[in-house]
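Observations on the three-dimensional arrangement
As a plain string of letters, each chain reads:
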Amino acid sequence: MNLKIKDIIKCTNGILLTGNENFECVDFSKDTRTIKSGDTYIGIKGEKFDGNLFWEDALNKGASTVIINKIDIPKDKINKYSNKNIIQVNDTKKALLQIATAKRNLYKDLIVVGVTGSVGKTSTKDIIASVLSQKYTTLKTEGNNNNDIGLPFTILRLKDEQVAVIEMGMNHLGEISVLTKVAKPTISVITNIGTSHIGNLGSRENILKAKLEILEGMEKTNLVINNDNDLLHNWYIENKDKLNIHTFGINEISNCMANNIIKNENASTFECNIDGMKFEETVPIGGDVFILNALCASLIGNILNLSNEEIQKGISTIELTKKRMEIIKLNNGVTLINDSYNASFESIKASLEYLSNTNANRKIAVLGDIFELGEFAEEMHKKVGKEVANNNIDLLFVIGENSKYIVEEAINNGMNEQNIYYAKNKEDLIQKLKKEMSDGDCILFKASNGMKLFDIVEKLKQEI
């Protein structure tokens, strides 16, 4: 089910400068570096460069079609590519959403699972996709391409899948509203409501409001929520008689629960109870967060008629996106936990608890700033510092402007100042780590994506 040039012109109100209206567009790209023969290239203007200016490069590298903003193109160049398709639109970012919506509308029987939440969207998406792929052909969001560019390009990858697991992120109110109207979820998931982007939204209540926008794209409400989360639990109590809501949790009575939990460093085993139906599950990653993720995926699997065996297999064979609880063994006997892609107070708390429960000789945390906290920055970083002390972290390495608050509160809560290292920059941090680390250590890396702690992880992998 592919869009034709004429479909794209219709939904975008675009102009075909040259080409064939009946040509089918199969694969879409925004990167001329990875363009393949026959691709449709969409020029996107970013902060650092304007993709619209690379349209000719895309055609020369094999693209059959380019969709670009209304820039001046000499007539002789149009004639040069008369065997290609050149479409001009008023705004390629807006056109991308329109094209993805048209593509989604072709798939009437597609089951779409939309996933949002403050923490754990990507890992939850990975686990849901692992479960559902045991029964259905499944497409999922790559990495965390969950914004107004990543989500439509995910939809445009649809081929013959029966299920799509689509991640949706936001920084402000109104953003998920746009995304959900493109994806049109059959089932929606809210993993939790925390403090991510609280500097932009002002309160956790507004974060809840933003996440609930996911319902706007649904024909019928079919929502799966984490009942252990305080705001979601309260919202559920208020709305359970009005909306179709499914719950999962460890502590609150829910449709899907974990009983008889046995926790190990690298796995958890428990009895999964879905409305009285019980079976054993093993999650091959430690920590309560991944038990909750597994419960969410199990509940969705049950809703979509998977057998217990199919659910069990999907849970036990999950593969997480890189930089999310990625375990790396160095040649010197040191274990790295690369959880560096992004951070909030809640996700750092969970990662520190995981680190604390490892069997490492020394538990070492490398922490950096959390972004988009606004006036809450000092408070949230101090809460992180308290968690460092409460989890008995042996050594703390910090980097970033607001990490001083982490240090301050860690010391206030009993951590020895001599076990804390403040790095001036990434190179300084690398040298301090290389000098200090020894066989049997476990080192956690966690900060907002902009801190790029994953660069340090890569450097250590290369040099040790």
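So, here's what we can say about the structure. As the structure is a computational prediction, the values presented were derived from the model and not from experiment.

To continue, consider the overall build of the protein. When helices and strands are counted, the protein shows 17 helices and 22 strands. Taking 23 Å as the expected radius of gyration for a compact globule of 464 residues, we find that the protein reaches 24 Å, a close match to that expectation. Projected onto its principal axes, the C-alpha positions of the protein cover 70 × 55 × 40 Å. Counting across all 464 residues of the protein, residues that qualify as buried make up 56%.

Per the stated rule, a full pass over the model turns up 3 aromatic pairs. Judged by centre distance (4.8 Å) and plane angle (10°), the rings of Phe397 and Tyr421 are stacked. In this pair, Phe397 is assigned in strand β20 (residues 395–398) and Tyr421 in strand β21 (residues 420–422), connecting sequence segments 24 residues apart. The ring of Phe345 has Lys383 sitting right over it, with the charged end atom 4.5 Å from the ring centre.

Turning to the sheet that holds strand β6 (residues 65–69), a few remarks are in order. Taken in spatial order, the 5 strands of this open sheet run β2-β7-β6-β5-β4, and their pairing is mixed. The strands lining the two open edges of the sheet, one partner per strand, are β2 (15–18) and β4 (28–29). Relative to strand β5 (residues 40–42), β4 runs parallel, the two being bridged by 2 bridges. Residue pairing across strands places Phe28 opposite Thr40, the latter belonging to β5. Along the sheet, helix α4 (residues 92–105) contacts β4, β5, β6 and β7 (85–89); its crossing angle with β6, the most-contacted strand, is approximately 130°.

With that settled, consider unusual backbone geometry. Residues other than glycine predominantly adopt negative phi, and peptide bonds predominantly adopt the trans conformation. A positive phi angle, close to 50°, is found at Asp275, a residue other than glycine. Despite not being glycine, Asn392 shows a phi value in the positive range, around 55°. Its relative accessible area of 59% is what places Asn392 among the exposed residues.

All right, on to the nonpolar core then. Taken as a class, soluble globular proteins show a tendency for nonpolar side chains to be buried jointly. Counting residues in each nonpolar core, the largest one holds 119 residues, and the members touching the most others are Ile42, Ile128, Leu132, Leu295, Ile300, Val388 and Leu396. When residues in this core are grouped by element, the largest group, 9 residues, is from helix α11 (residues 288–303). Among all residues touching Ile42, those that are not within four sequence positions of it are Phe28, Ser29, Lys30, Ile67, Thr92, Leu96, Ile99, Phe153 and Leu156. Counting residues in each nonpolar core, the second largest holds 22 residues, with Ile328, Val366, Phe397 and Ile430 among its members.

Attention now moves to helix α14 (residues 377–390). Across its 14 residues, α14 extends 20 Å between first and last C-alpha, which sits within 8% of the 20 Å expected from 1.5 Å per residue. Buried residues of α14: Ala377, Met380, His381, Val384, Gly385, Glu387, Val388 and Ala389, and no others. Contacts from the buried residues of α14 go to α13 (345–356), β19 (362–367), β20 and α15 (403–412).

Here the focus is the sheet that holds strand β12 (residues 223–226). Taken in spatial order, the 9 strands make up an open sheet running β9-β10-β8-β11-β12-β13-β14-β15-β16, and their pairing is mixed. For this open sheet the edge positions go to β9 (138–140) and β16 (277–283), each flanked by a neighbour on one side alone. Mean inter-strand twist for the sheet, computed between neighbouring axes without regard to direction, equals 20°. Against the sheet, helix α5 (residues 121–132) makes contact with β8 (111–116), β9, β10 (163–167) and β11 (187–190), and its axis sits at roughly 175° relative to β10, the strand it touches most.

Attention now goes to the packing of helix α1 (residues 5–12) against α4. Helix-helix packing: each pair is described by the crossing angle between the helix axes and the interaxial distance. Running from amino to carboxyl end, α1 crosses α4 at an angle of 125°, the nearest separation of the two axes being 9 Å. It follows that α1 is oblique to α4 by the angle criterion. Relative to α4, the crossing made by α1 is right-handed. Of α4, the residues touching α1 (which contributes Ile8, Cys11 and Thr12) are Ala95, Gln98, Ile99 and Ala102.

As enumerated under the stated definition, the model contains 24 salt bridges in all. The partner of Lys61 in a salt bridge is Asp57, with the nearest N and O atoms 3.6 Å apart. Overall, Lys61 belongs to the partly exposed group, its relative accessible area being 42%. A salt bridge links Lys382 to Glu378; the shortest N-O distance between them is 3.0 Å.

Turning to a nonpolar patch on the surface, a few remarks are in order. Together, Phe49, Leu53 and Phe54 make up an exposed nonpolar region whose accessible area comes to about 330 Å². Within the secondary structure layout, Leu53 lies in the loop between β5 and α2 (55–60). Residue class for Leu53 comes out exposed when judged on its relative accessible area of 58%.

A few words on the side chain of His233. By secondary structure assignment, the location of His233 is in helix α10 (residues 230–239). The contact partners of His233, leaving out residues within four places of it in the chain, are Asn227 and Glu252.

Turning to the environment of Gly286, a few remarks are in order. Its location among the elements puts Gly286 in the loop between β16 and α11. The spatial distance from the C-alpha of Gly286 to the C-alpha of Leu355 is 9.7 Å, given a sequence separation of 69 residues. Contact partners of Gly286, with chain neighbours within four places excluded, come to Asn264, Glu265, Asn266, Ala267, Ser268 and Tyr354.

The rules behind each value
Residues numbered from 1 in each chain as written. Predicted model: local features only at pLDDT ≥ 70, side-chain atom pairs only at ≥ 80, totals over all residues. Heavy atoms only, no water. Helix = DSSP H or I, 4+ residues; strand = E, 2+ residues; numbered from the N terminus. Rg over C-alpha atoms; globule rule 2.2 N^0.38 Å. Buried < 20%, exposed > 50% of the residue type's maximum accessible area, 1.4 Å probe, protein only. Phe/Tyr/Trp six-rings, centres within 6.5 Å; stacked < 30°, edge-to-face > 60°. Lys NZ or Arg CZ within 6 Å of the ring centre and 35° of its normal. Pairing = 2+ DSSP bridges. Contact = heavy atoms within 4.5 Å. Axes fitted to C-alpha atoms, helices over the stretch in contact; angles between N-to-C directions. Core = buried A, V, L, I, M, F, W, Y, C linked by side-chain atoms within 4.5 Å. Expected span 1.5 Å × (residues − 1). Parallel < 35°, antiparallel > 145°, perpendicular 65-115°, else oblique. Left-handed = near helix turned anticlockwise from the far one by under 90°. Salt bridge = Lys/Arg side-chain N within 4 Å of Asp/Glu carboxyl O. Patch = residues over 30% accessible without salt bridge, like charges linked within 9 Å, V, L, I, M, F, W, Y side chains within 5 Å. Areas by Shrake-Rupley, 256 points an atom, 1.4 Å probe, with all protein chains shown as cover.

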